[in-house]
Amino acid sequence: MATATRSARLASRLSSFLRPAARPATPSLAQRASFSLSARLKKSSVIKETEVPVSVYSPDAKGVASSNSDHFSIPVNPAAIPAQEPGPDPEDAPITPLQDNLYHRLPRTLQNMTVHGKVIIVTGAARGLGNHMARACAEAGAKAIVMFDANQELGDAAAADLHQKTGLPVSFFRVDVRDGAAIQTAVQNVVDLHGVPDVLINSAGIADSNIPAETYDAAMFRRLIDINLTGSFLMAQAVGRAMMGAGKPGSIILVASMSGSIVNYPQEQSCYNASKAGVVQLGKSLAAEWAKYGIRVNCISPGYMDTALNKVPALDAQKKIWKSLTPQARLGGVDELNGLCVFLASDASSFMTGSNVLIDGGYTLY
Ligand SMILES: NC(=O)c1ccc[n+]([C@@H]2O[C@H](COP(=O)([O-])OP(=O)(O)OC[C@H]3O[C@@H](n4cnc5c(N)ncnc54)[C@H](O)[C@@H]3O)[C@@H](O)[C@H]2O)c1
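Predicted, not measured: the structure shown is a model, and the values here were computed from it.

J.: Teacher, can you tell me more about the side chain of Ser 257 here?
T.: Within the fold, Ser 257 resides in the loop between strand S7 (250-255) and helix H9 (270-290). For Ser 257, the contacting residues outside a window of four places in its chain are Tyr 272, Lys 276, Ile 300, Ser 301 and Pro 302.

Given below as structure tokens:
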């Protein structure tokens, strides 16, 4: 039933996008009469204040606005619609690490929202979402950032850049997340270099799309599952063991996708969708098993994000459809997982485990 409703809504939104708008049929007299009545009813039920009463409680409230008291009114400007300015390019944004002296001056709630003093491993950190989440953790107070990625050149450059911009200890390990033995060795090395990790952010992943299931090559299918799903497991297992061995609580964040909860349209990508549904269920299972060790496991499920993964000419036409199906009518920025990632890594989310947080501009609402 829910699927049928969703399909009908998708069809109606897409039909207006894909076809020229049909000329509306002329309404009958009775239809026009009922339309104008309901419009009048709606209009009369909309509240449009011309003034907003304000109460201000502050030490210098007497000086606020032109009022002589703490209670005054402000006129409503009906034309005041906030303009959306395009932000600076996140690739060039400065990276400013949280200084110790500032951290100690923060109120407790804000201290909890940092990753002050934490050792953080980020996979897929050479570029894209993983790279920006690593930068965000550096800004939010991490003690050391460790990047794991299969791409030697990009990974080395990303680590050097982050260290140079922040002065923090940053290391890069060329690790393929399918390689269990290499992961175990690398995590042990992280423990020796920086201490037991407090946080794992697993962002390494690949996507195949526009491959109908009936022609999907089995070897390709296995490869994708191996990277996206088995890789998430092997990383979580190695870091989880290190945390358990040290009796240290921790936070594991698996980057899944909204594709783990919905089926994307119009591209056919059964394997990717299945892999991410697997990541979500893996995250929940680990959360249940490892709560007794103080290890929290949560998933981030992004919608369409504007990263290299999607900067493929073959996807240009489909991107227009994706945007038309997204209430915010755009793809997410490469740095728009940062806030959620820091929150899940921080102690502010201490009672949160086994959650799968969608962050998708509203895509999954329809
Ligand atoms: N971009 C999106 O629209 C989107 C949407 C939902 C979910 N995601 C997920 O977010 C994650 C990051 O995506 P992105 O857009 O930043 O992609 P990206 O391709 O820009 O970055 C992925 C990184 O993972 C690394 N990687 C790939 N295979 C690896 C392996 N076997 N071992 C180690 N590292 C490997 C790559 O070298 C790369 O640096 C992925 O898991 C992806 O599925 C992305």
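J.: Sorry, what's going on with the nonpolar core here?
T.: Judged by nonpolar contacts, the single largest core of 34 residues is most densely connected at Ile 120, Met 133, Cys 137, Ile 145, Met 147, Ile 201 and Ile 300. When residues of this core are traced back to their parent elements, those giving at least two are strand S3 (119-123), helix H5 (128-139), strand S4 (144-149), helix H6 (152-166), strand S5 (170-174), strand S6 (199-202), S7 and helix H11 (338-345). Considering each element in turn, this core owes the most residues, six residues, to H5. Excluding residues that lie within four positions of it along the chain, Met 147 makes contacts with Val 122, Ala 125, Asn 131, Ala 134, Gly 155, Ala 158, Ala 159, Leu 162, Val 170, Ser 171, Phe 172 and Phe 173. Core analysis: the second largest hydrophobic core is formed by 33 residues, Ala 186, Val 279, Trp 290 and Val 297 among them.

J.: Which parts of the structure should I look at to understand the site of the ligand?
T.: Taken together, the neighbourhood of the ligand is formed by 28 residues, with Arg 127, Asp 149, Tyr 272, Thr 307 and Asn 310 sitting nearest. Take Asp 149: an N or O atom from its side chain is 2.6 Å from an oxygen atom of the ligand. For the ligand, whose accessible area on its own is 820 Å², the fraction buried by protein is 94%. Of all the secondary structure elements, the ones that give two or more residues to the shell around the ligand are H5 and H9. Classifying every residue of the shell around the ligand by side-chain character gives 15 nonpolar, nine polar and four charged.

What counts, and where the lines are drawn
- Every chain begins its residue count from 1, and numbering advances along the sequence as written.
- In keeping with the model being predicted, local features are shown solely for residues with a pLDDT of at least 70 and side-chain atom pairs are shown and tallied solely at 80 or more, while totals for entire chains, interfaces and linings include all residues.
- Hydrogens and waters are ignored; side-chain quantities use all the structure's heavy atoms.
- The secondary structure listing takes helices from DSSP runs of H or I that are at least 4 residues long and strands from runs of E that are at least 2 residues long, numbered from the N terminus.
- Note on contacts: a residue pair is in contact if any heavy atoms of the two residues lie within 4.5 Å.
- In this description, a nonpolar core means a group of buried Ala, Val, Leu, Ile, Met, Phe, Trp, Tyr and Cys residues linked to one another through side-chain atoms lying within 4.5 Å.
- Residue burial is assigned from relative accessible area. The probe radius is 1.4 Å, only protein chains are included, and a residue is buried under 20% of its type maximum, exposed over 50%, and partly exposed in between.
- Being near a molecule or strand, for a residue, comes down to having at least one heavy atom within 4 Å of it.
- Definition of a polar contact: a pair of N or O atoms within 3.5 Å, with one able to donate and the other able to accept a hydrogen when the atoms are protein atoms, and with sequence-neighbouring residues admitted only if both atoms are side-chain atoms.
- Using the Shrake-Rupley algorithm and a 1.4 Å probe, accessible areas are obtained, with residue cover drawn only from the displayed protein chains.
- Think of it as three bins: nonpolar holds Ala, Val, Leu, Ile, Met, Phe, Trp, Tyr, Cys and Pro, charged holds Asp, Glu, Lys and Arg, and polar takes everything else, Gly as well.

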